[in-house]
Amino acid sequence: MEEEKEMKKEKKNIPVVPWMRNPIDITTFDQCSLDFVPFLDPRLVVALKNMGITSLFPVQLAVWQETIGPGSFERDLCINSPTGSGKTLAYALPIVQMLSTRAVKCLRALVVLPTRDLALQVKEVFSALAPAVGLSVGLAVGQSSISDEISELIKKPSVEYGRCYDPEEFSYELQSAVDILVATPGRLMDHINNTDGFTLEHLCYLVVDETDRLLREAYQSWLPTVIQLTSFSIDGNFPSADDLLPCNYGSLKTIRRVGTERGFKGKAYPRLAKMVLSATLTQDPSKLAQLDLHHPLLLTTGERRYKLPEELKSFKVICQSKLKPLYLVSLLQSLQGEKSIVFTSSVESTHRLCTLLKFFDNLQIEFKEYSRLQRQSVRSKTLNAFRAGKVQVLISSDAMTRGMDVEGVRNVVNYDMPAYIKTFIHRAGRTARAGQSGCCFTLLRKDEVKRFKKLLQKADCDSCPTYSVSSEVIESLNSVYTSALEKLRENVESEKFKKSKIRLKSSNVRKEK
Ligand SMILES: Nc1ncnc2c1ncn2[C@@H]1O[C@H](COP(=O)(O)OP(=O)(O)OP(=O)(O)O)[C@@H](O)[C@H]1O
């Protein structure tokens, strides 16, 4: 009976979790000039202006109100706000301001993101703000070797030549070189487990960005570990690491301890304040429970759970499956070199489509493949070229969908219809960011149209006109397409042959051994 009730609520879009039913509506806030933002540190005003920011977006003002303003961050914040609405600055700005008065450097804010590319992007935002008030920002994503990363994050004590040091005392002297750390879960766990001097004992702020994505995967249990290391028991004592975790967790000796600590002189331990964010925040009670939120407060945009950016226009392009590449080429040509991202359903299909397009004679579109099958260095190079406008079109698997912010993307093309509204939202959200306009085109077979319409209704989108592609253009491309398909077939055969040769060679080497 209870379960039935819960299901009905979900269908009606009423959150099952009670505290989610009385949110703060972000749409009631207006954009606000920096000059009128209460208590904003003048040094940060200068830093923001240097970033080209002259006013705060509604979500940023709403979070400011709940952290620096009257809310005083007494409750943990769950922020559900559309793609491109400025969530990064919404948490970065108050964190930097709150830490600006700190006396001693230690790790006080941790921001966790699901991918390296996203972490790099968020670090840029913190790096543009934090130095203005004397704070340092670190990155733990596995971009450099672990030893390089450690030397960036941990400050070694100065050693006097000729003096003999007790090793235990010596390691106790290790100090954080950063106030704020932006990390991916894997590298974070590496440091928690193995890096001497890496400690969460002084952590005041935890941000879980792209929350629903991070909660979907366990990532070596990073979340329960962080929560255990930063919580204290009802009697006010902090648990001992030995009580909580297996003995191979080396540096967990650094768990929060009872008593006065460096950085909290004379003050009781503050609770760990959390901000969790997404454009498609989960409402699943069991997932939210993992975050161990303290009197959570939801900040959301309007009444609907999912919302597309105001300035996004959606179109459908109807075509037969076998003619999709032709329609795509024709569509891209009609976009006349505007920065665009084409999403496919898998890394394999991304690769196949790119190979096929390479065989289109006289295409006159600068495009590049971007998928998680590629090495990070290749991906970074491609992304930089795309950012710089040297590449007009990125053909991508879903590696790009979450959070990536590339200026000037005017169009998104769903080469394959996304199966879920969340996927549609994150893909489409690579355009129409920060109040700019943008278009999302979805290639559909006739029999997919009804399902697609239903999908869009979940995000309150009732208008998705058909974008017609000129049949003359399609016809004129037909012979080029036929020959490109033939070349693709030959290419697939030769790739298969090469792979089988490599396999044979390596099995012969093994036999010889
Ligand atoms: N107050 C502001 N004024 C002008 N531009 C801003 C402001 N705040 C953010 N931006 C710009 O808006 C863009 C989108 O911001 P951001 O990446 O934080 O969005 P988001 O809400 O996190 O999106 P997503 O859900 O896709 O991750 C960025 O290019 C950022 O520089």
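Each value, and the rule that gives it
- Residues numbered from 1 in each chain as written.
- Predicted model: local features only at pLDDT ≥ 70, side-chain atom pairs only at ≥ 80, totals over all residues.
- Heavy atoms only, no water.
- UniProt positions renumbered as here; feature names shortened; annotations may be inferred.
- Helix = DSSP H or I, 4+ residues; strand = E, 2+ residues; numbered from the N terminus.
- Phe/Tyr/Trp six-rings, centres within 6.5 Å; stacked < 30°, edge-to-face > 60°.
- Lys NZ or Arg CZ within 6 Å of the ring centre and 35° of its normal.
- Buried < 20%, exposed > 50% of the residue type's maximum accessible area, 1.4 Å probe, protein only.
- Contact = heavy atoms within 4.5 Å.
- Pairing = 2+ DSSP bridges.
- Right-handed = clockwise from strand over helix to strand, strands pointing away.
- Near = heavy atom within 4 Å.
- Polar contact = N/O pair within 3.5 Å; in protein donor to acceptor, adjacent residues only side chain to side chain.
- Areas by Shrake-Rupley, 256 points an atom, 1.4 Å probe, with all protein chains shown as cover.
- Domains from an automatic or database assignment.
- Axes fitted to C-alpha atoms, helices over the stretch in contact; angles between N-to-C directions.

As recorded by an unreviewed UniProt entry, the protein chain carries the name ATP-dependent RNA helicase and is attributed to Nicotiana sylvestris. As its UniProt record puts it under Sequence similarities (unreviewed entry), the protein chain is described as follows: "Belongs to the DEAD box helicase family. DDX51/DBP6 subfamily." The UniProt entry for the protein chain carries the following comment under Function (unreviewed entry): "RNA helicase."

Asker: Talk me through the UniProt feature "domain: Helicase C-terminal" (unreviewed entry) in the protein chain; I want residue IDs and the actual numbers.
Answerer: If you check UniProt for "domain: Helicase C-terminal" (unreviewed entry), the listed places come out as residues 327-481 in our numbering. Counted over residues 327-481, helix gives 39% and strand 15%. Its end C-alpha atoms are 11 Å apart.

Asker: Summarise the packing of aromatic side chains; cite the residues concerned and give the values.
Answerer: Following the criterion strictly, the structure yields seven aromatic pairs and no others. Here lysine 324 stacks its cationic end above the ring of tyrosine 415, 5.0 Å away from the centre of that ring. The residue whose ring lies beneath lysine 339 is phenylalanine 386, and the NZ or CZ to ring-centre distance is 5.6 Å.

Asker: Help me get a handle on helix α10 (residues 222-230), residues and values and all.
Answerer: The periodicity of an α-helix, 3.6 residues per turn, causes residues three or four places apart in sequence to face the same way. Extensive coverage of α10 is indicated by the burial of seven of its nine residues. Turning to α10, the residues buried within the fold contact β5 (109-112), α8 (185-194), β10 (205-208), α9 (211-216) and β11 (273-278).

Asker: Lay out the pairing of strand β18 (residues 438-444) in plain terms, naming residues and giving numbers.
Answerer: Buried residues dominate β18, accounting for six of its seven residues. Pairing geometry for strand β17 (residues 411-414) and β18, over four bridges, is parallel. By the bridge assignment for β18, valine 413 is matched with phenylalanine 441. Once the chain exits β17 it traverses helix α16 (residues 421-428) before rejoining the sheet at β18, and the crossover so formed is right-handed.

Asker: Could you give me a rundown of the sheet that holds strand β12 (residues 297-300), with the residues and numbers involved?
Answerer: Reading across the sheet, the eight strands line up as β1-β12-β4-β11-β10-β5-β9-β6 and stay open at both edges, with parallel pairing between neighbours. Each end of this open sheet is capped by a strand with a single partner; those strands are β1 (24-25) and β6 (137-140).

Asker: Please give an account of the environment of valine 347 that cites residues and values.
Answerer: Relative to the helices and strands, valine 347 resides in helix α14 (residues 347-358). When the C-alpha positions of valine 347 and glutamine 374 are compared, they lie 9.6 Å apart, and in sequence the two are 27 residues distant. If sequence neighbours within four positions are ignored, valine 347 has contacts with Ser371, Arg372, Leu373 and Ser397.

Asker: Before we move on, could you go through the site of the ligand and cite the residues and values that matter?
Answerer: Around the ligand, 19 residues are found, and the nearest of them are Ser55, Gln60, Lys87, Thr88 and Asp405. Here an oxygen atom of the ligand and a side-chain polar atom of arginine 433 are 2.8 Å apart. Computed on the free molecule, the ligand has an accessible area of 630 Å², of which 82% lies beneath the protein chains in the complex. When residues of the shell around the ligand are traced back to their parent elements, those giving at least two are β3 (55-56) and α4 (87-99). The greatest single-element share of the shell around the ligand, amounting to three residues, is contributed by α4. When residues of the shell around the ligand are assigned to domains, at least three fall in each of domain 1 (18-157 + 173-232 + 260-300) and domain 2 (312-494).

Asker: Lay out the side chain of glutamate 210 with the relevant residues and their values.
Answerer: Here glutamate 210 shows up in the loop between β10 and α9. At 2.9 Å, the side chain of glutamate 210 forms a polar contact with the side chain of arginine 402. If sequence neighbours within four positions are ignored, glutamate 210 has contacts with Pro114, Leu118, Leu277, Ser278, Arg402, Gly403 and His426.

Asker: For the sheet that holds strand β16 (residues 393-396), give the residues involved together with the corresponding values.
Answerer: With parallel pairing, six strands are arranged side by side in an open sheet as β13-β18-β17-β14-β16-β15. Since the sheet does not close on itself, it has two edges, and those belong to β13 (312-318) and β15 (367-370), each with one partner. The average undirected angle you get between the axes of adjacent strands in this sheet is 20°. Pairing analysis gives four bridges linking strand β14 (residues 340-343) to β16, with the strands arranged parallel.

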